[in-house]
Amino acid sequence: MPSFASRCRTPRGARRSLAVAVAVAFVLGLAAVTPALPQGASSPAGVIPCDKPVYLTFDTGHMGVAPLIADTLRRFDAKATFFLAQEPTMDGGQTLDDKWAPWWKQLAAQGHDFGSHTWFHDAWSVDLPDGKFRFRRAAGEQVPQTVVLSAAEYCEELRRPARRFLEMTGRPMSMIFRAPAGRTSPALLAAAQACGFRHVGWSASGFLGDELPSDKYPNQALLDQALRRVKPGDILMAHLGIWSRQDPWAPAVLEPLLQGLKSRGLCFAPLRDHPDYAAWMRKPMEAPASKPAASGSAGAAATAGPKDALRR
């Protein structure tokens, strides 16, 4: 950036004043270095965090690699967006249980963004004539179930992770969501937006392939493809652990991917800085309903089951 002096021609007698002005500008510049922004906050006015951003996003998974992913992001000073569902974990718990609550709280304090991934990880299948929706409920290693939800019940599916996130972190979740497997319909998106949620997909070149079988899609091939294809403005998508992948994608691919993208001059921004979502994410979250609604034809007792690789 050109110095203050190079952009201002001054008389010789004003050089002392100019030196003072430069010193003040330097101090103000240091003062502008602030801690990570809280969830949903916008960047300070006039501050552009990076000029060639990509937007890292992670959906919940078995959580076996979640601490490694968080550590990698911290070392690269990379902000990401996480989409939360209540899924089984490798330690026999669930992603949003009390054991993981401190981890989510720490992640929120680091300035990442958060959205809903539905409570039971319900992947849309078809719109029904009566205005309801059929879903495939599957996460972790549970046998998939078919459930039918009304628009109101689907809104409850979106709100439950937001309520739990507030309980765990003391911070509101942004009113964004990612449909499991990215499967939606215009009617489903309209139902979600009617209760305040906007959908976030990912870029074609941002599908990082961590849910694909590692014998056919080894880590090196996925890394090489991402380094070739990812471009500024892309929304990237991966998971906090995939049950079916034998050779874990993270941190084996994540670390060299971040390093490779950084060497190309790219930087890593949260979705609150994305031009399509910035204004939406500044909206205050609606007050979550205090009591959950019915969860559909499979019954409220159904638990989130294995995240099998639902193909995009």
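Residues numbered from 1 in each chain as written. Predicted model: local features only at pLDDT ≥ 70, side-chain atom pairs only at ≥ 80, totals over all residues. Heavy atoms only, no water.

**Considering the sheet that holds strand β5 (residues 133-137)**
Part 1 of the reasoning: Strands sit in the order β4-β5-β6 across an open sheet of three strands; the sheet is antiparallel. Of all the strands in the sheet, just β4 (122-127) and β6 (145-149) have a single pairing partner and so form its edges. Along the sheet, successive strands turn relative to each other by an average axial angle of 30°, direction set aside.
Part 2 of the reasoning: Bridge count for β5 against β6 is five bridges, and the pairing is antiparallel. Residue Phe133 lies in a different strand from β6, and its bridge partner there is Leu149.
Part 3 of the reasoning: Packed onto the sheet, helix α4 (residues 151-169) meets β4, β5 and β6 and runs at close to 115° relative to β6.
Part 4 of the reasoning: Sitting on the sheet, helix α5 (residues 186-194) is in contact with β4 and β5, with an inclination near 90° to β5. (Pairing = 2+ DSSP bridges. Helix = DSSP H or I, 4+ residues; strand = E, 2+ residues; numbered from the N terminus. Axes fitted to C-alpha atoms, helices over the stretch in contact; angles between N-to-C directions. Contact = heavy atoms within 4.5 Å.)

**With respect to the pattern of salt bridges**
Part 1 of the reasoning: Overall, the coordinates contain 12 salt bridges when judged by the stated rule.
Part 2 of the reasoning: The shortest N-O distance in the salt bridge between Lys79 and Asp77 comes to 3.4 Å.
Part 3 of the reasoning: Residue class for Lys79 comes out buried when judged on its relative accessible area of 17%.
Part 4 of the reasoning: Look at Asp77 and you get exposed, because its relative accessible area is 58%.
Part 5 of the reasoning: Look at the salt bridges and you will find they share partners, linking Asp71, Arg74, Arg75 and Glu255 into a network. (Salt bridge = Lys/Arg side-chain N within 4 Å of Asp/Glu carboxyl O. Buried < 20%, exposed > 50% of the residue type's maximum accessible area, 1.4 Å probe, protein only.)

**Quick word on the packing of helix α2 (residues 66-75) against helix α7 (residues 254-263)**
Part 1 of the reasoning: The interhelical angle for the contact between α2 and α7, taken along N-to-C directions, is 20°, at an axis separation of 10 Å. Between α2 and α7, the interaxial angle falls into the category roughly parallel. Crossing handedness for the pair α2 and α7: right-handed. In contact with Ile69, Thr72, Leu73 and Arg75 of α2, α7 contributes Leu254, Glu255 and Leu258.
Part 2 of the reasoning: Looking at the contact of α2 with α7, its residues break down into four nonpolar, one polar and two charged. (Parallel < 35°, antiparallel > 145°, perpendicular 65-115°, else oblique. Left-handed = near helix turned anticlockwise from the far one by under 90°. Nonpolar A, V, L, I, M, F, W, Y, C, P; charged D, E, K, R; others polar.)

**Thoughts on unusual backbone geometry**
Part 1 of the reasoning: Cis geometry is adopted by the peptide bond preceding Pro251, which originates at Ala250 and carries an omega value of 0°.
Part 2 of the reasoning: Inspection of the secondary structure puts Pro251 in the loop between β9 (235-239) and α7.
Part 3 of the reasoning: Of note, the phi angle at Asp77 is positive, near 50°, even though the residue is not glycine.
Part 4 of the reasoning: In this structure, Asp77 sits in the loop between α2 and β2 (80-84).
Part 5 of the reasoning: Its identity as a non-glycine residue notwithstanding, Ala181 has a phi of 65°, on the positive side.
Part 6 of the reasoning: Checked against the element boundaries, Ala181 lands in the loop between β7 (176-177) and α5.
Part 7 of the reasoning: Under the relative-accessibility criterion, Ala181 is labelled buried at 6%.

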